[in-house]
Amino acid sequence: MEILCFFAGIAFFYTKSIYPIASICVAFFFNRRISVLLWSLSGLIWCSFHQVHVSEQAMPLTRILSKAVVQGYVASIPVSSAHKTQFQFVVTRLNNHPARAHVLMSCFNTCPNFQVGEYWELTAKLKKPLNLANPGGFDYVTWLQTRHIDWTGYVLHQSTLLTAEKNSQYKLLALRQYLASTLAVLGFDKTSQGLVEALALGITTHIDKSSWDLFRRTGTTHLMVISGAHIGLVAGLVYGFVKWLWCRSGRLCLYLPAPKIASFFAILIAGIYSLLAGFAVPAQRALIMCFFMFLPNFVNQRFNVWQAFRYALFAVLLMEPHSVRMPGFYLSFIAVAILVSVNQRFVQNGFKKMLMMQMACLIGLMPLTVFFFSYGSLNGLIANIIAIPWVSFIIVPLSLITTIFGHWFVLPASATILSGSIQFLLR
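Residues numbered from 1 in each chain as written. Predicted model: local features only at pLDDT ≥ 70, side-chain atom pairs only at ≥ 80, totals over all residues. Heavy atoms only, no water.

In this section: the pairing of strand S6 (residues 151-163). Regular strands place their side chains on alternate faces of the sheet. Two strands pair when backbone bridges link them, and strand S4 (residues 97-108) and S6 are joined in this way by four bridges, in the parallel orientation. Each residue of the ladder has a partner; that of leucine 104, found in S6, is threonine 152. In terms of strand pairing, strand S5 (residues 119-127) meets S6 through eight bridges, oriented antiparallel. Paired with tryptophan 120 across the two strands is leucine 161, which belongs to S6. (Pairing = 2+ DSSP bridges. Helix = DSSP H or I, 4+ residues; strand = E, 2+ residues; numbered from the N terminus.)

Let us look at the packing of helix H13 (residues 327-345) against helix H14 (residues 350-373). For the pair H13 and H14, the least separation of the axes is 9 Å and the interaxial angle reads 155°. On the basis of their axis angle, the class for H13 and H14 is roughly antiparallel. Crossing of H13 over H14 shows right-handed handedness. In contact with Pro327, Tyr330, Leu331, Ile334, Ala335, Ile338, Leu339, Val342 and Asn343 of H13, H14 contributes Lys353, Met356, Met357, Ala360, Cys361, Gly364, Leu365, Leu368, Thr369, Phe372 and Phe373. (Axes fitted to C-alpha atoms, helices over the stretch in contact; angles between N-to-C directions. Parallel < 35°, antiparallel > 145°, perpendicular 65-115°, else oblique. Left-handed = near helix turned anticlockwise from the far one by under 90°. Contact = heavy atoms within 4.5 Å.)

To continue, consider the pattern of salt bridges. Scanning the entire structure with this criterion turns up two salt bridges. A salt bridge links glutamate 2 to arginine 33; the nearest nitrogen and oxygen atoms lie 3.0 Å apart. Residue glutamate 2 is found in helix H1 (residues 2-15), and its partner arginine 33 is found in the loop between helix H2 (18-30) and helix H3 (34-54); the two are separated by 31 residues along the sequence. (Salt bridge = Lys/Arg side-chain N within 4 Å of Asp/Glu carboxyl O.)

This is the structure:
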């Protein structure tokens, strides 16, 4: 109850909706404890501190800066096309004065080769983003705010690279960019390369529109981005493999029990995968739940799946309160709640169990997908029955192996199998 009240306080801070307040009132009506109100208030206070931490500083109050000289870091992997490059830019100085702001920067036509972590001086036009007045249109401002982006802009001229050395804050992003660049020399076609980047590194910008349309029509979009299922799959595979390997030696088992060493490597590899994938909300949720499910192998404390679920919800809200405005936050947690509930209530095995859980997810998540995306896939049940095992046990492991080891030695067989698997799935 306390965690849900904390969530309601955060939701009210960012949405200004009456529904979180109503839920707090209902909780207090049935459970007349002051802790209900205190936890809700703590959610509001935490959001206030977080907002101060991420908000812009020393930026002008005007909505448009026609010509601004900004210095700062490239803070995202640039997305490049024939005529445009777009990236997030963290401003540290504005017109030779200290400042702080996050800008979604665009560069048109002839653009420099921007790399993550580089320090640039740009002459750009900046403006505060606005939504279009079309009813039911895409909420562009909210989309930017959830990523802590305060301004949008485009480069005018006079781009100067001040420091090529990567800032240590962006080392992980630079590694992801480097791994993505190595995939271009392994012989993938454009579609396959985009999907491998999405499944291994969480980079979805190279998937073309036709592929996204196909995934939406078949209800398999969740498989083509890093989801909690992928993190859990990797943790489970690592746990099973290390435990089997460790049990081959009786002497090793005397020194350290196999479940303990297997749990350690499962959490470690799942954490590395989550970081390489960008550590989005679904990855955060899955990693934290895996941690609590493996924790009993190290301490004399048992955690059921609902406890792990609640602690994961609380931890995600602490790390990124803005996540309450992301559709992925609700889809991820509600999907897990549906799967756990169905698994505990109905005793089935094999194909019947998989079919029942897929049907429950289809029915349970349909209202959310219609609300967030104005689209729902009724044929997703059949498509997911085929796609889930294919993606989970073939495409994801091959994508990880190819991404991590492909720049050390050529993997033509892996690249061929992966491309063929993806083309089969797309058909």
